[in-house]
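Observations on the three-dimensional arrangement
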Amino acid sequence: MRITNLNEITIKPAGDSAVQIFCGEEISEAVGDKVSALTAALRDFFAAEKIAGIGEVVPAFSSLVVRYDPLVTDYDEVAFRVGQVAAEIEISGEGGGQGNIVEIPVCYGGEFGADLADVAAHNGITEQEVIDIHSGGLYRLYMIGFLPGFPYLGGLDKRICCPRLKSPRTKIPTGAVGIGGEQTGIYPMESPGGWRLIGRTPVTLFDPDGILPLPYKAGDMIKFVAIDKAEYERIAAAEAERKEKLRREKGAGV
Amino acid sequence: MIKIISPGPLTSVQDGGRQGCQSQGYRECGAADMYSLAAANILVGNDDHHAAVLELTLAGGVMEFTEAAIFAVTGGDFALTLDGERVPVHGPVYAKAGSRLTIGMAAKGLRGCLAVYGGIDVPELLGSRSTDMTCKLGGFKGRALQKDDEIPVGTYAVKGEYDVEKRRASLAERNLLNLAADRTKLVNPGVGRFFQGKRLTVLRAVKGPQEEYFTEAAHGTLERSVYTITPQSDRMGCRLSGPVLESVNGSDIISDGIVGGSVQISSDGQPIVMQADHQTTGGYAKIATVISADLPALAQLRPGDEVGFRFVSPKDAAAAARAIYEGLLNLKECYK
């Protein structure tokens, strides 16, 4: 329903091992939908047709990169295939850009959201109102970058925007949910950072052992669900169990 | 096992890189000099040319082989001493159990790959043994090597029978053991220029993907100026200093994907060439992309060294990649 003008894409070489495809020059739902649709269509096409030498398809806000092995294929073939696939999407008009809705439970405030009061005060509303607004929104996941699993989300309500901290924290804990300017996001791993922390999720976003997969991908919609501390502890324990189970299963497969 | 007695300035486990998970935000990592990675693996007899090695920087410290091993150091011209005796770089060397290897300063070059017959065997993370030192992932405990670390040597890199003594005998029979490889066979064209001792390394680059962000004059400047490697360079990126490259309307872009070799122009108009540990996404326009064949040469340059750029087509870039691959196959023919 949303794909109208994929023939407006621009295909450019990114060295000898990648092409970059530009779908627009803004961060918007419309451009994001084009990127998601083309990403999904290219992945399906390359998997189904088994085109030799094609690597990963990596989406960003308004463009995507397709990696390839220059010993096996070349820029001309990859650019040709991209054009072919893009034209097909336009004809079928089927958007692949809607994605899944992924719920992320968040325990807001208290020890998990040290800056919740500041965000409320900055906007002249109560802490509960910040929680209601934040967990009431639906956020488009445009791309993952910066850190493994770090989601770039769009759609933060202007009523809870808040400038970043003047001096960033040296350590933000895994799972921290924050607001930085007009963006909201989750820290998938411990990292320095300047965002205002409003809560924390017990869900494993990024697993350093590579056992648990990321719960989302670019093109998905994120919905934050407010939980209390008891629920946080329960989910945290269940996550550890899930990982142990998967570890055993994977181990048994070797 | 390789026991680290002293680690050198920056030694880490690296391989062909963590491919296929950039869309989840994982950095590719891997050896900064992929040519030397493949060459080192070929010299020791590994079938897997992208098997994990120890990547050395400037010098390599002291290590002990707890079991007999065949190793090779490629890349920079490092000074190697095995139990007090000088042994060659760029060739396979036999180390008996308990022997100590001292890797002194590189006379030329910056980085080295120390490959071991069988492969450095740390657990794989998402299909790679590379260390992501920025995110503290993979490799050996997600970090650079330290004193007293014990690094396992595996057998996974050898497809057929794994037998150190047989491999040693086979190399000795053919007069290949404890000797540097013939430079004409070993050196790739990009790295070759650098090893000829020239001050200037010319990097070939494909224009784009965002060349239109820069003025016509900037394109000319990039192709006609000498840029100097700055001390702020690291495995993430090689930061250059030289004539300012003017953008038409600022070099900020909507964050997008980066590949190794991307030449980002930061807001001060200076180029940064992305290397193995680069972030998966970035917010500066990319005027050009250094071709894969020339990234190994860049990885060997030190602060103060000079580079120039020459634009080539993706076709020429692919031909250069193929030439290097064929060179490696020739080396393989010699050392199989």
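Remarks on the interface of chain A and chain B
Residue-level contacts link 42 residues of chain A with 39 residues of chain B. Approximately 3,000 Å² of surface area, both sides summed, lies buried where chain A meets chain B, with 59% of it carried by carbon and sulfur atoms. Ranking the residues of chain A by area buried against chain B places Asp 16, Glu 56 and Leu 71 of chain A at the top, with a combined share of 19%. Counting across the interface, chain A meets chain B through 4 salt bridges. For Glu 28 of chain B, the salt bridge identified is with Arg 67 of chain A, shortest N-O distance 2.9 Å. Applying the counting criterion to the chain A and chain B interface returns 14 residue pairs in polar contact (both at pLDDT 80 or more).

Comments concerning the pattern of salt bridges
By the definition in use, this model includes 34 salt bridges over all chains. The partner of Lys 12 of chain A in a salt bridge is Glu 211 of chain B, and the shortest N-O contact between them spans 3.4 Å. With Lys 12 of chain A in strand β1 (residues 10–13) and Glu 211 of chain B in the loop between β14 (200–207) and α5 (216–224), this pair bridges two chains. Glu 211 of chain B matches Lys 12 of chain A in its accessibility class, with the two residues each being buried. Here Lys 315 of chain B makes a salt bridge to Asp 76 of chain A, at a shortest N to O gap of 2.7 Å. Highlighted residues: Lys 315 of chain B in helix α7 (residues 314–335) and Asp 76 of chain A in helix α2 (residues 75–92), drawn from two different chains.

Overview of the sheet that holds strand β10 (residues 183–186) of chain A
All names here are of chain A. Pairing is mixed across the open sheet formed by 7 strands, whose spatial order is β7-β6-β13-β5-β12-β9-β10. The open sheet has two edge strands, β7 (151–154) and β10, and neither has a second partner. On average, adjacent strands in this sheet sit at an angle of 40° to one another, irrespective of strand direction. Bridging between strand β9 (residues 176–180) and strand β12 (residues 196–200) involves 4 bridges; their strand directions are antiparallel. Its bridge partner being in β12, Ile 179 is matched across the sheet by Arg 196. Its contacts with the sheet put helix α4 (residues 127–136) on β5 (101–108), β6 (139–144), β9, β10, β12 and β13 (221–227), and the angle it makes with β13 is roughly 145°.

Thoughts on the nonpolar core
Formed by 33 residues in total, the largest nonpolar core has its most connected members in Ile 104, Ile 179, Ile 198, Tyr 216, Ile 222 and Phe 224 of chain A. Secondary structure elements with two or more residues in this core: β5, α3 (116–123), α4, β6, β9, β13 and α5 (229–253) of chain A. Ranked by residue count, the leading element in this core is β5 of chain A, at 5 residues. If near-sequence neighbours (up to four positions away) are discounted, Ile 179 of chain A is found in contact with Val 119, His 134, Leu 156, Ile 160, Cys 161, Cys 162, Thr 184, Trp 195, Arg 196 and Ile 198 of chain A. If you look at the next biggest cluster of nonpolar residues, it comprises 32 residues, including Leu 37, Ile 42, Val 206 and Ile 291 of chain B.

Regarding the environment of Val 153 of chain B
Residue and element names in this part refer to chain B. Relative to the helices and strands, Val 153 is located in the loop between β13 (150–151) and α2 (164–173). Placed 151 residues apart in sequence, Val 153 and Ile 2 show a C-alpha to C-alpha distance of 7.1 Å. Ignoring any residue separated from it by four or fewer positions in sequence, one finds Val 153 in contact with Met 1, Ile 2, Val 116, Tyr 117, Gly 119, Asp 121 and Tyr 162.

Describing empty space enclosed by the protein
Here the structure, examined in full by the defined rule, presents 3 cavities of 30 Å³ or more. In this structure, the second largest cavity spans a volume of roughly 50 Å³. Looking at the lining of the second largest cavity, its residues break down into 4 nonpolar, 3 polar and 1 charged.

Rules behind the numbers
Residues numbered from 1 in each chain as written. Chains lettered and ligands numbered in written order. Predicted model: local features only at pLDDT ≥ 70, side-chain atom pairs only at ≥ 80, totals over all residues. Heavy atoms only, no water. Contact = heavy atoms within 4.5 Å. Buried area = accessible area lost by both parts, 1.4 Å probe. Salt bridge = Lys/Arg side-chain N within 4 Å of Asp/Glu carboxyl O. Polar contact = N/O pair within 3.5 Å; in protein donor to acceptor, adjacent residues only side chain to side chain. Helix = DSSP H or I, 4+ residues; strand = E, 2+ residues; numbered from the N terminus. Buried < 20%, exposed > 50% of the residue type's maximum accessible area, 1.4 Å probe, protein only. Pairing = 2+ DSSP bridges. Axes fitted to C-alpha atoms, helices over the stretch in contact; angles between N-to-C directions. Core = buried A, V, L, I, M, F, W, Y, C linked by side-chain atoms within 4.5 Å. 1 Å grid on protein atoms, 1.4 Å probe; cavity = no way out; pocket = protein on both sides within 12 Å on 5 of 7 lines; lining within 4 Å. Points joined across faces, edges and corners; volume = space filled by probe spheres on them. Nonpolar A, V, L, I, M, F, W, Y, C, P; charged D, E, K, R; others polar.

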